[in-house]
Amino acid sequence: MKIEEFTLERIQSLYENTVEYNLSDSGVHPYSLRELLTPEQQSQVLDVELGYGWTNGRTELRQAIANLHPNRTPEHVMVTNGSAEANFILVMSLLEPGDELVVFVPNYLQIWGWARAIGVTVKEVLLREELGWTPDLDDVRKAVTSRTKMMTICNPNNPTGAVLSRETMDGLVGIAREHGIYLHADEVYKGAELDQDEPPSFADLYEKAIVTNGLSKAMALPGLRIGWLVGPVEEIYTSWQRKDYTSITTGAVSEFVAEIAVQPAKRQEILSRSKRILRENLALLQRWVDANGDLFSFVPPKAGGMAFIRYAMSMNSTDLVHRLREERGVMLLPGDVYGMDRYIRIGIGAPAHHLEAGLERLAAFVRAQAT
Ligand SMILES: Cc1ncc(COP(=O)(O)O)c(C=O)c1O
């Protein structure tokens, strides 16, 4: 089986831990266990038995995740190692060679890559910048055929931070229902909306919806490596059968901490911290874009930990990112990893002084090229 390199993750794996200012992350500055847990909970961690546990996730954790949705039980939930494993298992459970999959782009290209690798025909529908990086439903209708098995969308979106309106969500559900196809949504950035209420989950709008979620992004706990799928009982059971072939279980310590994090009051506390950090940093970024308006422009993100920024110079985005890292010690992601040159992705979840210093160096670098 051939698979295209996942350039977004490859670039990060190679450089993000050694660069001086890493602005390539899409999540929020992570918690430590000490910051997250009460002293009592910290001492309880020491008593967690390091056994295998349940291959689809501890029942109590699946119940707590089910409680985030109306009318769901643990049978509608499978816990995974990060939402990355949830997405992988989704592809391996529900798609087969010859199926068609509609993917909205720009997007985190993991499902796109795995689907192509196993012989699924991937049809791309553009998220339109002029529509605030949301889809035109007529484009979606044109892309769906009798062979389409599933549509997959990332909401809130990676890399643009766009959030679909309720009207567009209902429109997508209407198209999926009309064709009897699955609607998958990766909702790992949900809950980090900056100036609006949290939108509903697709899982609560459509009987054939399956959602990926997890603790890495809006919830600022990527090191726990906890993600999950929520969907119809039968499809969740099928994905559980695949899980036996991947990682068997998630870590016992991670599941213990995850169960604390997804309780409603704790979840809101975590999301408030995320939104505070992101709002402050977005204001800082907006001031920087305003001050450098001859070079950069963007549609401000409505959620999540990143902004997708268009730049005016003619340099290729991968060249720009590598030179910026090598010459100025700042790491961003190039639009190229999304198939969109002349854009860069800047993480806004880092500590403010870090973001400020990185942005200053980016502007100085770009101005030096122009002279
Ligand atoms: C949209 C989306 N889904 C899934 C993942 C994988 O995240 P994790 O496995 O840490 O939950 C990422 C990581 O960047 C992402 O952006």
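Keep in mind the model is a prediction, meaning the values are calculated, not measured. (Residues numbered from 1 in each chain as written. Predicted model: local features only at pLDDT ≥ 70, side-chain atom pairs only at ≥ 80, totals over all residues. Heavy atoms only, no water.)

Topic: helix H12 (residues 317-328)
Along an α-helix, a turn takes 3.6 residues, which lines up residues three or four apart on a common side.
Next, step 1: The end-to-end C-alpha distance of H12, which contains twelve residues, comes to 16 Å, matching closely the 16 Å that a straight helix rising 1.5 Å per residue would cover.
Next, step 2: Among the residues of H12, those classed as buried are Ser-317, Leu-320, Val-321, Leu-324 and Arg-325. Looking down the long axis of H12, one finds its buried residues gathered within 125° of arc, a one-sided arrangement.
Next, step 3: By the N-cap criterion, in which a side-chain oxygen at the helix start approaches the backbone nitrogen of a residue two or three places on, H12 is capped by Asn-316, the distance to Thr-318 being 2.9 Å.
Next, step 4: With its phi angle positive at about 70°, Gly-329 sits one or two positions after the end of H12. (Helix = DSSP H or I, 4+ residues; strand = E, 2+ residues; numbered from the N terminus. Expected span 1.5 Å × (residues − 1). Buried < 20%, exposed > 50% of the residue type's maximum accessible area, 1.4 Å probe, protein only. Arc of directions from axis to C-beta. Polar contact = N/O pair within 3.5 Å; in protein donor to acceptor, adjacent residues only side chain to side chain.)

Observations regarding the UniProt feature "domain: Aminotransferase class I/classII large" (unreviewed entry) in the chain
Next, step 1: Those places that UniProt annotates as "domain: Aminotransferase class I/classII large" (unreviewed entry) correspond, in this numbering, to residues 50-362.
Next, step 2: Between the end C-alpha atoms of residues 50-362 there is a gap of 45 Å, over a span that is 39% helix and 19% strand. (UniProt positions renumbered as here; feature names shortened; annotations may be inferred.)

Regarding the site of the ligand
Next, step 1: Around the ligand, the structure places 14 residues, and the nearest of them are Ser-83, Asp-186, Tyr-189, Ser-216 and Arg-225.
Next, step 2: In the model, an oxygen atom of the ligand is placed 2.8 Å from a nitrogen or oxygen of the Asn-158 side chain.
Next, step 3: One nitrogen or oxygen atom from the side chain of Lys-217 is found 2.9 Å from an oxygen atom belonging to the ligand.
Next, step 4: It is helix H5 (residues 82-94) that contributes the most residues to the shell around the ligand, four residues altogether.
Next, step 5: Residues belonging to the shell around the ligand are distributed by class as follows: five nonpolar, six polar and three charged. (Near = heavy atom within 4 Å. Nonpolar A, V, L, I, M, F, W, Y, C, P; charged D, E, K, R; others polar.)

A short note on the packing of aromatic side chains
Next, step 1: The final tally for this structure, using the stated rule, is eight aromatic pairs.
Next, step 2: Measuring from ring centre to ring centre gives 5.8 Å for Trp-133 and Tyr-343, while their planes differ by 70°; the resulting arrangement is edge-to-face. Note that Trp-133 is positioned in the loop between strand E4 (121-126) and helix H7 (137-143) and Tyr-343 in strand E13 (residues 343-347), a separation of 210 residues in sequence.
Next, step 3: The rings of Trp-133, Phe-308, Tyr-338 and Tyr-343 are connected pair by pair, giving a single aromatic cluster.
Next, step 4: Note that Lys-208 overlies the ring of Tyr-182, its terminal NZ or CZ placed 4.5 Å from the centroid.
Next, step 5: The ring of Tyr-15 has Arg-325 sitting right over it, with the charged end atom 3.4 Å from the ring centre. (Phe/Tyr/Trp six-rings, centres within 6.5 Å; stacked < 30°, edge-to-face > 60°. Lys NZ or Arg CZ within 6 Å of the ring centre and 35° of its normal.)

Quick notes on the environment of Glu-60
Next, step 1: One can find Glu-60 in helix H4 (residues 59-66).
Next, step 2: Using a relative accessible area of 42% as the deciding quantity, one classes Glu-60 as partly exposed.
Next, step 3: Separated by 196 residues in the primary sequence, Glu-60 and Phe-256 place their C-alpha atoms 9.5 Å from one another.

Some words on the pairing of strand E2 (residues 77-81)
One face of the sheet, then the other: side chains in a regular strand alternate in exactly this way.
Next, step 1: Counting buried positions over the five residues of E2 gives four, a clear majority of the element.
Next, step 2: As paired elements, E2 and strand E8 (residues 226-230) share five bridges and run antiparallel to each other. Directly across from Val-77, in E8, lies its bridge partner Val-230. (Pairing = 2+ DSSP bridges.)

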